[in-house]
Amino acid sequence: QSPTQLKISHQFPSGSLTEGDFRDRLCRKFAADVAKATNGSLSASVYPGSSLMKTNAQFSSMRKGALDMTLVPLSYAGGEVSETNIGLMPALVPSYEQGAAWKTAEVGKLLSKVLDDKGVVIVSWVWQAGGVASRPRALLQPEDAKGLKVRGGSREMDMMLKQAGASVISLPSNEIYAAMQTGAMDAAMTSSTSFISFKLEEIAKHLTTGRSHTYWFMFEPLMMSKEVFAKLTKAQQDAVMGVGAQLEKFALDAAKADDRLAAEVYAKAGAKVYDMDEATLKKWQTIARETAWKDFGDKNESCAALLKAAQKLL
Amino acid sequence: MLGLGMLALLAASLVLTYSVFSRYFLKASTDWQDEAAVFCLVGATFLCSAYVQSIRGHVGIEALSSMLPGVLNRLRLVAVDLMGTLFCGFFAWKSWALFHEAWVEGQTTSSSWAPPLWIPYGLMFAGMSLLTLQLAVQLAASLNRVAKGGQR
Amino acid sequence: MSMLAMGLLFGLVTLLFMFSGAPIAFALGSVAVLFMGIFMPASALDTITQNVYEEMASITLLSIPLFILKGAAIGKSRAGQDLYAAMHVWMGRIPGGLGIANVFACALFAAMAGSSPATCSAIGSAGIPEMRKRGYSPGFAAGIIAAGGTLGILLPPSITMILYAVAAEQSLGRLFLAGIFPGVLLVLLFAGYAAFRYKREFKMAEAAYLSSGTHSSLLERETFSTREKFEMLPRVVPFVLLLVGVMVALYGGFATPSETAGLGALLALALIAGIYGVWRPKDVKPILASTLKESTMLMMIIGMSLLFSYVMSYLHISQATAEWIVALQLSKWVLLAAVLVMVILLGFFLPPVSIILMTAPIILPPLKAAGFDLIWFGVLMTIVMETGLIHPPVGLNIFVIKNIAPDIPLSDIIWGVLPFVVLMLLSVVLICVFPGIATALPDAVMGVVGAKP
Ligand code: NA
Ligand code: NA
């Protein structure tokens, strides 16, 4: 059998095996390790920075078998498969440990089943924490949100923020820097890694980090098209899943390192850095429960079941 | 269709202006305006594309090819129209599939407003179908010119 | 098939389809679908429509129709001519003042519209006849308008800068700011040249009059009273308000770039409704129709070119080419020169929109790797693409001028624009030597970020 070449697409900045954005590095490590594990019968090339296709087209292309693999925030597929919105549900996952527990818990099994039905296989379970960068004042407590123009970045975060009194704003990510500079936007939520690559530290005077407690945990798995997966030999399939599982440790360490690094970078640039305590997290969780969680659970039975299973881990 | 396009264009400007106004003066959230404008403008683009084709407004690089002698040039025009018809026909067919899928699965965008995706997909399908028809009519006319040119 | 063979085949088929005279949008789409069908899994064909939609559904790209609308509102109403007339009255006394007035009018219009041909036709339709009536040689008059028109995509707003900002993932607001000083530099160069050339033509006309008594209208003095000057002033005020209003909205933190596009279009429509009484449906319809005609054509090219670049990327053609360029180990400035020369060559045939869409995935990675500031490069690329707009065989601005003044021979136009092409290339060199011309303003307004060239 001739060697199979997979294509992995993602939206993050391009780097190398050892340098750069860890999500890009994870894909490159996957390619290298799978080639090693299968003696070259299966290899992969990485297409960083949306150079193969538009970010929002990745999930659907994978379902149709037109894209082999992608590493993407799962909730980006929220309009297409409503269950995937659980991947960025505010305060539903309070720590990396709880996120890691999903894979083997009931919620993970349910989610895998949903995705399997839609033609997608989860290869590597990756979670990432994030926070808020803001300019006029810190956004730490729910009371701080009142009157701030915030880019929540997802339907669920927006719902929680609106309830807390913020006015949410939608904006392409390449305009975040300029919008914060001019004052069109006061605060933005994203992952620690993206805070580093957006280089907001010069203009954001405040950073609420994800390094202790945060409501901002995003599920960002490495996934494969089921159609493509089914065509692999048993040995190749085992190699894919094995390497994927191994990389979860790498992702966890890298994500935590970025949480610390983001805090250091912003502090060094003169921004005030805040860590969230558990009581504050609980306050946000109460708001999220009434807004984003409720909205999600009311969508359909499958979403309700997922939400219930996820809450069992709390 | 041109009329609809005009309305969509005006609507997009109004919605975006309202967005500035409501955020600044009413301190309101502005999370649906961009998407509403996108739908208007995507719709305007596809719905007007048959009209633009009818006046041969989709520009091409004619500089070298139009130097061909008469008969060859007429044949070239047939080939060009045939290519356009085939491509747009194929695209219309695939956008029907996209529209159908979004309709059946109840797909929405992933924003907090979450409007249904069949709206823009449907506009794309309608626009590309009209464009294909327009191209087919022009292809028939080009073929006719070649036939007439042959008789002379 | 080897990478090289695949790349060559793809390039060849693309050339064939493009030069067949087919609409660029359909040509790019057909090439893509053809290669997908032959070299890619069948499922790829199922994704083309969604890919095109995702490309087009970007609010940044969709501000293009709105910027065109704003330009059309001014250009297709009497507003454009008034702007020109006011400039004429105020510059009347300076030698070559009429030519300079045309350059300034182009610049002011450019600051409201996003495209070059629109700027050419808005100012040229009044400017060229007027300059010729006053004895300017046809080539000179055509050159001023063709060159002045290119300011349309350098001074914000700019359609090509929007595309570039999306392709290079740079902030549009920052890129717009970066175009302002280089735009002003070009205005000064053009105006300086206009004065110089006027003096030469004036001396020649004088000599001709002295030797043979041939009278040229160039020799007539034209004066406007102070009162006339101040009567013209109110006609410019609305434009200045529009310009300042939009700038304040964007850079004062009131609006995002896409909102600014909608706001600007609506303000322009309100302006011509209020001042020129252009508000009845029958008056507004032609403006909307011409906007839709141009924007539909552009948006279709933009959407379909996504398929083209998708295929190039899937078949690894873009990456292999980019890697090949990096592997050449060219020194930074040789690389830059090579890229700019390539853009100039493409400019012989392709409009700027297609150049950006087709080359960005190939040229941006090597430039980024070489450590160039992509905002700064975006300005250089814009100026270089502008030269393509005013030289044959495919120069959109030349077509516009042929439309306004069909009796000027093409050779006159070409000789007329040539000095301006030289001035534009001179400005490219200046911006390379003094990068601050492009970067100082965005750095001052939006803070320093990223690497400097
Ligand atoms: Na402009
Ligand atoms: Na040209």
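Definitions and cut-offs
- Residues numbered from 1 in each chain as written.
- Chains lettered and ligands numbered in written order.
- Predicted model: local features only at pLDDT ≥ 70, side-chain atom pairs only at ≥ 80, totals over all residues.
- Heavy atoms only, no water.
- UniProt positions renumbered as here; feature names shortened; annotations may be inferred.
- Contact = heavy atoms within 4.5 Å.
- Buried area = accessible area lost by both parts, 1.4 Å probe.
- Salt bridge = Lys/Arg side-chain N within 4 Å of Asp/Glu carboxyl O.
- Pairing = 2+ DSSP bridges.
- Helix = DSSP H or I, 4+ residues; strand = E, 2+ residues; numbered from the N terminus.
- Right-handed = clockwise from strand over helix to strand, strands pointing away.
- Axes fitted to C-alpha atoms, helices over the stretch in contact; angles between N-to-C directions.
- Parallel < 35°, antiparallel > 145°, perpendicular 65-115°, else oblique.
- Left-handed = near helix turned anticlockwise from the far one by under 90°.
- Nonpolar A, V, L, I, M, F, W, Y, C, P; charged D, E, K, R; others polar.

- An unreviewed UniProt entry annotates chain C as TRAP transporter large permease protein of Ideonella margarita.
- Under the heading Sequence similarities (unreviewed entry), UniProt records this for chain C: "Belongs to the TRAP transporter large permease family."
- UniProt, in its Function (unreviewed entry) section for chain C, records the words "Part of the tripartite ATP-independent periplasmic (TRAP) transport system."

Re the interface of chain B and chain A
For an interface, size is often stated in terms of accessible area lost upon the parts coming together.
Step number 1: Contacts between chain B and chain A engage 19 residues on the former and 17 residues on the latter.
Step number 2: The contact between chain B and chain A buries some 1300 Å² in all, and 41% of this surface belongs to carbon and sulfur atoms.
Step number 3: The largest per-residue losses of area from chain B upon contact with chain A belong to R23, S110 and S112 of chain B, which jointly make up 33% of the total buried on that side.
Step number 4: There are 3 salt bridges connecting chain B and chain A.

Comments concerning the pairing of strand β1 (residues 4–9) of chain A
Residue and element names in this part refer to chain A.
Step number 1: In this structure, β1 lies alongside strand β2 (residues 42–47), joined through 6 bridges in parallel fashion. Pairing of I8 across the sheet is with V46, part of β2.
Step number 2: After leaving β1, the chain enters helix α1 (residues 22–37) and then returns to the sheet as β2, a path that is right-handed.
Step number 3: Sheet topology places β1 next to strand β3 (residues 69–71); 2 bridges connect them, and they run parallel. Each bridged residue has a counterpart across the sheet, and for S9 the counterpart in β3 is T70.

Section: the packing of helix α7 (residues 97–110) of chain C against helix α9 (residues 138–150) of chain C
Residue and element names in this part refer to chain C.
Step number 1: Two elements in contact, α7 and α9, have axes separated by 8 Å at closest approach and are oriented at 25 degrees. The orientation of α7 with respect to α9, classified from their angle, is roughly parallel. Along this stretch, α7 crosses α9, giving a crossing that reads as right-handed. Between α7, through G99, N102, V103 and C106, and α9, the contact on the second element is made entirely by I144, I145, G148 and G149.
Step number 2: Split into classes, the residues belonging to the contact of α7 with α9 amount to 4 nonpolar, 4 polar and no charged.

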